[in-house]
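# Secondary and tertiary structure notes
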Amino acid sequence: MLNFTVFYTVIRIALKAIWANKMRSSLTSLGIIIGVAAVIAMTAIGTGASADISDRIATMGTNTLNLQAGRASGGGFSFAAQSVRYLTSDDADAIRKEIKTANAVYASVVAGGKNAVYGGRGTVARVMGTTNDLFKVQPWKIAFGRLFTPAEERSAAMVCILGYQTAIEMFADLNPIDEDIRIDGQLYKVVGLMGQVGDSAWGFDPDNGIIIPLTTMQNKMGARADRPKYVSTITIQAASFDVVNQTQDEVLKLMRQRHRLQPNQEDDFYIQNLAQMLNTMQGIATTMSLLLGAIASISLLVGGIGIMNIMLVSVTERTREIGIRMAIGASLWDIRLQFLTEAVILSLLGGVVGILMGVGIAKGIETFGNLRVVITVSSILLSFFVSAFIGVCFGFFPAFKASKLNPIDALRYE
Amino acid sequence: MELIEIKNLSKVYSLGEVEVHALRDVSLTIKSGEFVAIMGPSGSGKSTCMNILGCLDKPTSGSYHLDGIDIIAKNLPDLAAVRNQKIGFVFQGFNLLSRTTALENVELPMVYNKVPQEHMHERGLAALKQVGLSERSGHVPSQLSGGQQQRVAIARALVNDAPIIFADEPTGNLDTKTSHEVMSLFSRLNSDFQKTVIVITHEEDIAAYAKRVVRFLDGRIVEDKIQTPKMPEAEHA
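These figures come from a predicted structure and were not determined experimentally.

Another aspect to go through is the overall build of chain B. Regarding its fold elements, chain B presents seven helices and 10 strands. Per-residue burial for chain B yields a buried fraction of 52% across its 237 residues. Contacts in chain B between residues at least 24 apart in sequence constitute 68% of all its contacts with a sequence separation of at least 6. Summed over all atoms, the accessible surface of chain B reaches about 10,100 Å², with 49% contributed by carbon and sulfur.

Structure (structure tokens):
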């Protein structure tokens, strides 16, 4: 039936017909080209965004938990009688002591928009009060100078560590170590300088920030009589990614115990799990790229309908040719195969050009739009096979119509 | 054995309420190697008869055997293979594929007969040589004269070694001189290659080349006579 000679001839005839109508053929393929290019570019952007999110969260550490006061449900008003208890340094100490699966724990308080001045130069920076344990959890490094000493941490010493950008703004290229600066008028000695980090974590940008001992924050800078030992966040690093959920459960239990919550009472704190967040955000990104792909594939569908239209016109236009072929001995399937092949070649050509164009667009967006794109082999293969499939689907009706022509009438057709 | 044998053939077209009897109880036998001219005014049924004999259409009733094959028993789509292997068509309007070279046009019946690629060129060129057009194998129809186009069509009818050549008004679009050249070619194919040639025409001087003339009128055969054919003209390219 379908030996090589027939196949070769059918393809040759189809290519000839396509080549004979170059302009019309390229316009026909345009629909598929745009559709495939759109699918490839869109999924590349979607996948790029997803990979970007993963990477950002990975640098923040997927095995860290954030404990904060308040209700996880957030949103609306709660008229529950109980007051929300704030977190304290004692909570952090208890977690450090009790939770065996925790690697490192640090508590922190962030104060925003403080004026920091050295000599005539100044800047506005967020100030974080925390302990040296922060540097075990966050990938922030001391470039010059040192961490806080235990004595400084205990005694609420007036010392600070500067962020990379903060130091540049205040000291330009001078060495800030052991210099005194004023933060909100109070004198602090610079003991350390952080290297450039780039990413911010939990609303604190280390490059544009200043770090002081937690005790200093609690007793000097942000001191409030109504809440001694106040901390806003306790960050817990689990020993590994596998035990994150276990750590979370243990912290939850411990905190309920410490806050003396009855079983019927809701938590008055909440725990953010980065691993969970990663999953959620990746889910959103995947949905996004699916959505983008779905929108783009509508244009593929429209392209397919375009091919069908042109093929129907082509069948009418070539009625006489079909008649000649039938009289000479072309069978129903010879005719069907010919028009089907033409439609498939048109859509495959469109597919290949579309893939090249889609990759080009994605690369262009990467270069000029400064957006991360990831071109996946699967999206290329998918577009290719989808365009072939469209060719078969939308080519069949015109091919069928051609084969149904009566040879006598077709030969007489002018 | 008879090459073509039709018995009591009728064809009725129903145009809404009206029934048109295109063929009424026609019986005809044609032996291998005959050169027959089918004549008759338009509406006489000769074209309908041609379509049925050419396996392009099926009769309403009657029997038709072609080279021993029961044509009535086959479906119209299945007749494509019969047309391909038993019949070569030559039409009034040449019916060559435009934008396609003479050689490729001639090769077309072999494409549908699944002839291997390597034999196609050889046989196609041989057929073109038979009609004296070897030099023009690479030309497309628009670059050929009417007579040359009709000769390409004849080569196409020959290439599959079909025993029968059906020519429907083959000279209708040609001038007198070219008409006689084409008819001479048919004569030679009949006498030198034992092809059975059936020509439909309404011109007496074209029918003169045939050995037998069958006349149709109102869907019936009114005359069937043997005649001395006009001799073909000397061959010239």
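All names here are of chain A. For helix α10 (residues 319-328), the tally of buried residues reaches nine of 10 residues, placing the bulk of the element in the interior. When α10 is considered as a whole, its buried residues turn out to be Thr-319, Glu-321, Ile-322, Gly-323, Ile-324, Arg-325, Met-326, Ala-327 and Ile-328. Two residues or fewer past α10, Gly-329 is found with a positive phi of approximately 125°.

For chain B, the mean per-residue pLDDT works out to 90, and 98% of the residues sit at or above 70. Per the prediction output, this complex has pTM 0.69; the corresponding ipTM is 0.91.

A few words on the pattern of salt bridges. One pass over the full model with this rule turns up 27 salt bridges over all chains. Across the pair A:Asp267 and A:Arg256 runs a salt bridge, and its minimum N-O distance is 2.4 Å. Separated by 11 residues along the polypeptide, A:Asp267 in the loop between α8 (244-258) and β12 (269-273) and A:Arg256 in helix α8 bring together distant segments of the chain. When its relative accessible area of 25% is taken as the criterion, A:Asp267 is described as partly exposed. A relative accessible area of 18% means that A:Arg256 is categorised as buried. Across the pair B:Asp224 and B:Arg212 runs a salt bridge, and its minimum N-O distance is 2.9 Å. Here the residue B:Asp224 occupies a position in strand β10 (residues 220-226), and B:Arg212 occupies one in strand β9 (residues 212-217), the gap between them amounting to 12 residues.

As a further point, take the pairing of strand β2 (residues 18-31) of chain B. Residues and elements named next belong to chain B. Inspection of the sheet shows strand β1 (residues 2-15) paired to β2 by 10 bridges, in the antiparallel sense. Its bridge partner lying in β2, Val-12 is registered against His-21. In textbook terms, the turn of a hairpin is the stretch between consecutive antiparallel strands, and for β1 and β2 this stretch comprises two residues, one of which, Gly-16, has a positive phi near 65°.

Our next topic: helix α6 (residues 164-171) of chain A. All names here are of chain A. Among the residues of α6, those classed as buried are Thr-166, Ala-167, Met-170 and Phe-171. Down the axis of α6, the smallest arc covering the buried residues is 100°, so these residues share one side. Residues of α6 that are buried sit in contact with β3 (102-118), β4 (121-130), β6 (159-162), β7 (180-183), β8 (186-194) and β9 (209-213).

Another point: the confidence of the model for chain A. Should pLDDT be low for a region, the predicted coordinates there are not to be read in detail. On average, residues of chain A score 86 in pLDDT, and 93% of them reach the 70 mark or higher. Ranking the elements of chain A by mean pLDDT puts helix α1 (residues 4-20) of chain A last, at 79, and β6(A) first, at 94.

What follows is about the environment of A:Gly364. Take A:Gly364: it is sitting in helix α11 (residues 332-368). As a C-alpha pair, A:Gly364 and A:Ala41 span 323 residues in sequence and 9.9 Å in three-dimensional space.

Right, let's get into the nonpolar core. General note: in soluble globular proteins, nonpolar side chains tend to be found buried as a group. With 105 residues, the main nonpolar core has B:Tyr64, B:Ile154, B:Phe166 and B:Phe186 as its most contacted residues. With sequence-adjacent residues up to four places away left out, B:Ile154 is seen in contact with B:Val90, B:Val131, B:Val182, B:Leu185, B:Phe186 and B:Leu189. Among the nonpolar cores identified, the runner-up in size contains 43 residues, and A:Val105, A:Ala116, A:Ile177 and A:Leu254 belong to it.

Hydrogen bonds between backbone atoms are what pair the strands of a sheet, whose relative direction is either parallel or antiparallel. All names here are of chain B. The strand order across the open sheet built from six strands is β6-β7-β8-β3-β9-β10, with neighbouring strands paired in mixed fashion. Since the sheet does not close on itself, it has two edges, and those belong to β6 (87-90) and β10, each with one partner. Taken pair by pair, the neighbouring strands of this sheet meet at an average axis angle of 15°, ignoring direction. Sheet topology note: the strand β7 (residues 164-168)/strand β8 (residues 196-200) ladder contains five bridges and is parallel. Across the sheet, residue Asp-168 finds its bridge partner in β8, namely Ile-200. Running over the sheet, helix α5 (residues 146-158) touches β6 and β7 and is turned about 170° from β6.

The full count for this structure, using the stated rule, is seven aromatic pairs over all chains. For the ring pair A:Phe396 and A:Phe400, a centre distance of 6.0 Å and an interplane angle of 25° mean the geometry is stacked. One end of the pair, A:Phe396, and the other, A:Phe400, are both in helix α12 (residues 377-403), four residues apart, so they sit about a helical turn from each other. On the accessibility criterion, A:Phe396 (33% relative accessible area) is partly exposed. Residue classification places A:Phe400 among the partly exposed positions, given a relative accessible area of 31%. An aromatic cluster is present here, built from B:Phe89, B:Phe91 and B:Phe166 joined pairwise through their rings.

This part is about the interface of chain A and chain B. Each partner contributes to the interface: chain A provides 27 residues, whereas chain B provides 25 residues. Between chain A and chain B, the buried area comes to about 2,200 Å², and carbon and sulfur atoms account for 60% of it. When residues of chain A are sorted by the area they lose upon contact with chain B, A:Ile324, A:Ile328 and A:Ile408 head the list and together hold 24% of the total. The interface formed by chain A and chain B holds two salt bridges in total. The salt bridge partner of A:Asp334 is B:Lys114, with a shortest N-O separation of 3.5 Å.

Further remarks concern the packing of helix α3 (residues 102-112) of chain B against helix α4 (residues 117-130) of chain B. Residue and element names in this part refer to chain B. Here α3 crosses α4 at 120°, and the two axes come no closer than 9 Å. It follows that α3 is oblique to α4 by the angle criterion. Handedness of the crossing formed by α3 with α4: right-handed. Side by side, α3 and α4 meet where Ala-102, Leu-103, Val-106, Glu-107, Met-110 and Val-111 of the first sit next to Met-120, His-121, Arg-123, Gly-124, Leu-125, Ala-127 and Leu-128 of the second. Per-class residue counts for the contact of α3 with α4 are nine nonpolar, two polar and two charged.

As a further point, take the packing of α10(A) against α11(A). Residues and elements named next belong to chain A. Two elements in contact, α10 and α11, have axes separated by 10 Å at closest approach and are oriented at 140°. Between α10 and α11, the angle is such that the two are oblique. α10 and α11 meet at a crossing whose hand is right-handed. Judged by residue contacts, Glu-321, Ile-322, Arg-325 and Met-326 of α10 engage Ile-335, Gln-338 and Phe-339 from α11. Broken down by class, the residue content of the contact of α10 with α11 amounts to four nonpolar, one polar and two charged.

The rules we used
Residues numbered from 1 in each chain as written. Chains lettered and ligands numbered in written order. Predicted model: local features only at pLDDT ≥ 70, side-chain atom pairs only at ≥ 80, totals over all residues. Heavy atoms only, no water. Helix = DSSP H or I, 4+ residues; strand = E, 2+ residues; numbered from the N terminus. Buried < 20%, exposed > 50% of the residue type's maximum accessible area, 1.4 Å probe, protein only. Contact = heavy atoms within 4.5 Å. Areas by Shrake-Rupley, 256 points an atom, 1.4 Å probe, with all protein chains shown as cover. pLDDT = per-residue confidence, 0-100. Salt bridge = Lys/Arg side-chain N within 4 Å of Asp/Glu carboxyl O. Pairing = 2+ DSSP bridges. Arc of directions from axis to C-beta. Core = buried A, V, L, I, M, F, W, Y, C linked by side-chain atoms within 4.5 Å. Axes fitted to C-alpha atoms, helices over the stretch in contact; angles between N-to-C directions. Phe/Tyr/Trp six-rings, centres within 6.5 Å; stacked < 30°, edge-to-face > 60°. Buried area = accessible area lost by both parts, 1.4 Å probe. Parallel < 35°, antiparallel > 145°, perpendicular 65-115°, else oblique. Left-handed = near helix turned anticlockwise from the far one by under 90°. Nonpolar A, V, L, I, M, F, W, Y, C, P; charged D, E, K, R; others polar.

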